[in-house]
Structure formats: structure tokens, C-alpha cells
Amino acid sequence: MHEIDIDLIEMTLDVMKYAINRITDMDPHLGKPKSERELRSLVGETVTPSGIGGERAFELFRDVLVKASVPIDHPRHLAFVPASPTRAAIMFDLVTSATSVHGAFWMEGGGCIFAENEAMRWLVSLTGLPEGAFGVFTSGGTEANLSAMVAARGAWREKDPSKRSTRGLVITSAGAHSSVRAMAKVIDADVMLIDTEGRLGSEMLAERISLLTPEERSRFFAVVATAGTTNAGIIDDLEGIGKICRDLGVWFHVDAAYGGGALAAPSVRHLFTGIELADSVTIDPHKWLFSPYDCGAVIYREPEIARRAHSQGGSYLDIFYDEGARGFNPADYQIQLTRRVRGLPLWFSLAMHGTDRYALAIERGIELARIAGRLIDAAPHVELVREPSLSCVLYRRIGWQPDDYNRWTYKNHSDGFALVAPTKWRSHGVHETVARFCFINPDTTEKDIADILDSMK
Ligand SMILES: *Cc1c(COP(=O)(O)O)cnc(C)c1O
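Rules used in this analysis
Residues numbered from 1 in each chain as written. Predicted model: local features only at pLDDT ≥ 70, side-chain atom pairs only at ≥ 80, totals over all residues. Heavy atoms only, no water. Near = heavy atom within 4 Å. Polar contact = N/O pair within 3.5 Å; in protein donor to acceptor, adjacent residues only side chain to side chain. Areas by Shrake-Rupley, 256 points an atom, 1.4 Å probe, with all protein chains shown as cover. Helix = DSSP H or I, 4+ residues; strand = E, 2+ residues; numbered from the N terminus. Buried < 20%, exposed > 50% of the residue type's maximum accessible area, 1.4 Å probe, protein only. Pairing = 2+ DSSP bridges. Contact = heavy atoms within 4.5 Å. Axes fitted to C-alpha atoms, helices over the stretch in contact; angles between N-to-C directions. Arc of directions from axis to C-beta.

**Let's talk about the site of the ligand**
Okay, so step 1: Neighbouring the ligand are 13 residues; Gly141, Thr142, Asp255, Asp284 and Lys287 lie closest to it.
Okay, so step 2: Between the ligand and Gly141 there is a distance of 2.8 Å, counted from an oxygen atom to a backbone nitrogen or oxygen.
Okay, so step 3: Within the side chain of His286, a nitrogen or oxygen atom sits 2.9 Å from an oxygen atom of the ligand.
Okay, so step 4: Considering the ligand on its own, with 380 Å² of exposed area, one finds that the protein chains cover 86% of that surface.
Okay, so step 5: Elements supplying a minimum of two residues to the shell around the ligand: helix H6 (141-159) and helix H11 (285-288).

**Comments concerning the pairing of strand E4 (residues 220-226)**
Okay, so step 1: Among the seven residues in E4, seven count as buried, and that is most of the element.
Okay, so step 2: Here strand E2 (residues 169-173) pairs with E4 via three bridges, running parallel. Looking across to E4, one finds that Val170 is bridged to Ala222.

**Things to note about the side chain of Arg76**
Okay, so step 1: In this structure, Arg76 sits in the loop between helix H3 (54-65) and helix H4 (87-99).
Okay, so step 2: Residue Arg76 is classed as buried on the basis of its relative accessible area of 13%.
Okay, so step 3: Once residues within four sequence positions are removed from consideration, Arg76 is found in contact with Asp27, Phe417, Ala418, Leu419, Val420, Asp448 and Ile452.

**Structural notes on the sheet that holds E2**
Okay, so step 1: Strand order in this open sheet of seven strands is E1-E7-E6-E5-E4-E2-E3, and the pairing throughout is mixed. Either end of the sheet is taken by a strand with one partner, and the two such strands are strand E1 (134-138) and strand E3 (190-194). Averaged over all pairs of adjacent strands, the angle between their axes in this sheet comes to 20°, without regard to strand direction.
Okay, so step 2: Two elements, strand E6 (residues 280-283) and strand E7 (residues 296-300), share four bridges in a ladder whose sense is antiparallel.

**Looking at helix H7 (residues 178-186)**
Okay, so step 1: For H7, the complete set of buried residues consists of Ser179, Val180, Met183 and Ala184. Around the axis of H7, the buried residues are gathered within 140° of arc, so they sit on the same side.
Okay, so step 2: Each element contacted by the buried residues of H7 is listed here: H6, E2, E3, E4 and strand E5 (251-256).
Okay, so step 3: Phi turns positive, to about 60°, at Asp188, one or two residues after H7.

**A look at the sheet that holds strand E9 (residues 392-397)**
Okay, so step 1: Overall, antiparallel pairing links the four strands, which are arranged E8-E9-E11-E10 in an open sheet. Each edge of the sheet is formed by a strand with only one pairing partner; in this case those strands are strand E8 (382-384) and strand E10 (422-427). Sheet twist, expressed as the average angle between the axes of neighbouring strands with direction ignored, equals 50°.
Okay, so step 2: As defined by bridge partners, E8 adjoins E9 across three bridges and the pair is classed as antiparallel. From the neighbouring strand, Glu383 faces E9, where its bridge partner is Arg396.
Okay, so step 3: In the packing of helix H15 (residues 402-414) onto the sheet, the strands contacted are E9, E10 and strand E11 (430-438), and the crossing angle to E11 comes to about 20°.

**What to know about the pairing of E1**
Okay, so step 1: Extensive coverage of E1 is indicated by the burial of five of its five residues.
Okay, so step 2: Relative to E7, E1 runs antiparallel, the two being bridged by five bridges. Considered in E7, the bridge of Phe137 is made with Ala297.

**Concerning unusual backbone geometry**
It is generally the case that most residues other than glycine have a negative phi and that most peptide bonds are trans.
Okay, so step 1: The amide bond that connects Tyr293 to the next residue, Asp294, takes the cis arrangement and shows omega of -10°.
Okay, so step 2: Backbone geometry at Phe80 places phi at a positive 50°, although glycine is not the residue there.
Okay, so step 3: Its location among the elements puts Phe80 in the loop between H3 and H4.
Okay, so step 4: The phi dihedral of His428 is positive, around 50°, even though this residue is not glycine.
Okay, so step 5: Examined against the element boundaries, His428 turns out to sit in the loop between E10 and E11.

Pasting the structure below:
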């Protein structure tokens with residue numbers, strides 16, 4: 001027993017030391033992938049009948065496995081949608097695990113869910129949705145979009161029970177995130193894509209709706225608009241789209257998984273006008289609100305509709321709904337039952353720093369995109385494909401073919417210098433491979449951007 005205790009203490013100290021070193025490291029090692037075969041030969045067997053011991057397992061993690069993984073908060077990781085969790089949120093993620101609380105039901109998680117809901121109250125206030133609107137933290141934007149679509153379909157079928165086994169139809173734009181199409185598949189709904197990667201305007205939507213056959217019109221139950229496309233940071237005409245949905249009695253979902261953080265940025269808040277008309281909104285705190293993975297959120301104008309669509313029944317669950325256990329049950333508003341209290345790290349970090357600090361950090365991402373735009377304008381070998389939008393910048397290296405972009409990405413990555421990936425941009429029907437920056441980390445510097453642009457010379 002004694003030996004085990006020492007092992008446990010050493011392991012705990014190792015882990016805490018690692019965590020402290022990691023969150024104070026301003027320029028972490030940019031890990032690069034190794035093949036499974038290489039990793040196997042470096043690591044050997046780790047899951048064995050008698051265990052390999054905490055010290056050895058941790059050593060393998062620290063010296064081999066982490067080095068073959070990319071830290072999302074590296075200041076020169078500007079690919080996809082990176083992230084940059086605050087140190088407070090990361091430390092509180094450890095606390096959330098150590099606290100061992102089940103986050104599905106108030107009866108078990110009440111105090112922690114209360115804290116999580118304080119963070120949610122702030123998120124809801126950013127949307128401008130009316131009194132009564134509320135939401136829950138999900139595993140991410142995909143689950144938030146799915147939960148919203150299930151609620152939307154539930155509302156549609158409640159209004160007209162004859163639709164109980166009718167296949168639904170959702171309209172969105174080609175710029176919408178892949179998860180919208182994927183989650184429509186999960187609920188077995190059809191998706192009609194309006195063919196634009198740019199801003200979805202209300203006229204385009206109105207025209208598409210006017211072309212629906214009566215059969216399609218009878219199945220059409222939701223529109224998904226995007227507030228900050230993942231590829232280019234474009235915000236659809238939320239106000240115009242919202243009004244059309246209101247007039248038709250169709251559910252209006254706004255996917256702001258990436259862009260939602262910018263609701264807290266005064267310089268761009270006006271671009272989101274109309275989001276307050278939404279029936280549901282997706283925001284990913286693990287993207288632009290500096291939470292560790294995984295933390296998404298879905299907000300409903302009328303949470304009661306979502307509750308009717310999601311609440312699970314079962315004799316083993318009855319007690320949670322008993323008079324004596326009454327309270328807000330996050331499990332009632334999304335597809336997941338057992339869940340960690342994943343909003344806690346966001347709550348702690350917000351409580352510690354205050355919301356003003358968040359606004360500043362988000363504004364910095366937008367400013368970095370403008371700085372990148374200026375540097376690109378000033379350099380002869382690159383040019384902007386479109387003006388920066390939110391914190392996304394699309395630009396081309398004059399004369400490059402798709403292969404050149406790929407080689408450049410791999411070289412920067414394998415040099416441990418930067419992770420910047422190409423994307424495609426379509427205009428006038430032509431797909432072009434271009435380079436893309438997405439800024440989240442406020443510690444990225446102007447020099448980082450200039451150095452990356454130099455690497456394309
Ligand atoms: C990232 C993203 C998603 C998916 O979110 P996950 O957290 O990766 O599940 C959905 N919609 C948009 C607009 C996104 O940017």
C-alpha cells in the first residue's frame with residue numbers, strides 16, 4: 001500500500017508540474033504527426049495486465065506523444081479554427097474533473113450547474129434574445145446544431161401532428177458548416193443548399209423559397225443561417241432572413257459556432273443585427289471564447305420547446321423530476337445525458353477576468369486580421385482574395401498552384417515553425433486554392449504574421 005501511495009503522490013506532482021509548465025509556456029513546441037507505426041515502436045505496449053507505472057506512462061506522454069500532437073494555442077497555429085484557452089479556464093478544467101460532478105441533473109450537479117448557468121446568462125445576453133431565452137453547454141457546435149434541429153423539428157411536428165412521420169427539409173447556404181449537412185442526415189432531413197459561399201441575403205432565400213414545390217413547402221421547417229462562416233468569417237443577413245422565417249412560421253437557427261465570440265466585440269457587433277430574431281443559436285466557447293475543449297453551446301428562444309423535444313424518460317430517472325429534486329436539468333435541452341459540467345471552466349475564467357477582458361481579447365483577433373490584410377496589401381508576392389472578415393483572411397500567393405500551397409503547409413509544420421493551411425475559395429463558379437489565416441490567440445504578433453508571409457517568398 002505504502003509504495004502505491006508514493007507512486008500516486010509522484011504522479012500527481014508530475015502532472016501538476018507539467019500543467020503549470022505548459023500553461024506558462026508562451027511559445028510551446030509545435031508538435032508534428034508521426035505515423036502510428038513510428039509511435040508504436042517508440043512507445044511500446046502501455047496497457048498491460050500489471051500496468052507500466054505512472055512515471056513511465058507520463059514520461060511517454062510528455063516525451064513522445066505530446067510531441068506528435070499540435071497545441072491549438074500555438075501563436076503561429078492559424079489554420080482551421082484554432083483556440084486559445086485562458087490559463088484560468090485550463091486550470092479550472094482540471095478542477096472540474098477533480099470535483100467529479102455529474103452535470104446532467106440539478107439534483108446532483110446543482111451548485112456547479114448554477115455557476116455554468118451564470119456563464120450561459122452572459123452568452124444569452126450577448127445575443128439580445130428576449131427574457132426567457134436560455135441554453136446549455138454541449139460538446140461542441142456539431143452537437144449544438146443537432147440539438148437545435150431536433151428542437152426545430154419537434155416544434156414543427158407539435159404544431160401539425162400530421163407531420164409526425166414526414167421527412168423534414170432545411171434550407172441553408174453552401175457556406176454553412178459541414179456539420180449542418182451531417183446533422184440533417186442524422187435526423188434524416190433533406191438539406192437544400194443556396195449556392196453561395198458569400199453572404200446569404202434575404203432575397204436569395206426568398207427566391208429559393210418561392211421555387212419550392214408545394215410538396216417541398218409542406219416539409220420545409222427550418223432555415224440555418226451562419227454568423228461567421230468557418231472558411232471566411234462571413235455573416236449572413238440575419239435580420240432579413242429572420243423576418244422571412246418569422247413571416248412563414250419557420251424555425252430560424254443561427255450557427256455562430258465560430259463567429260459567436262465576436263458578439264462581445266463592440267467594433268463588429270452591428271454585423272450580427274437580427275440574431276435576436278433567432279429561435280436557436282449555436283456558439284462554441286471552445287473557439288473564440290477561450291475555453292478548453294470541449295465546450296459548445298446551444299441557446300433557445302423558448303427553452304420549453306427544446307425540453308419537450310429532448311427530455312428523456314425512464315424509471316431510473318423519475319426521481320430527477322420529482323418535486324423534491326426540481327431544478328434546471330441540462331440533459332433536458334440537448335441530446336447528451338451524462339455530461340461533465342463543461343461550462344465551469346468558462347464560468348471561472350469569466351468570473352476571474354471579467355467580461356471586458358474577453359471583449360479586448362476578441363477585438364485583438366479582429367485587429368490581427370486587419371494587420372494581416374495590410375501586410376498582404378504591402379507585399380508584392382501575395383494579395384488579398386477578399387477583405388478580412390471577423391478574424392479570417394483569405395489571400396493568394398501570386399503564381400502558386402494547389403501543390404505549392406500544400407508543400408508550404410507541410411514545410412512550415414515539419415520545421416516546427418507554423419501551422420497555416422490552404423483552403424478553397426469559389427468565386428464566379430471557379431474553385432481556387434488560397435491561403436487562409438484564422439486569428440483567435442491574442443498573443444499572435446505582427447512579426448509572426450510577417451514571418452509566415454515571408455515563408456511564401
Ligand atoms: C466549428 C463549427 C461547427 C462545428 O463545431 P464543433 O465544435 O467542431 O462540433 C459548426 N458550425 C460552424 C460555423 C463552425 O465554425
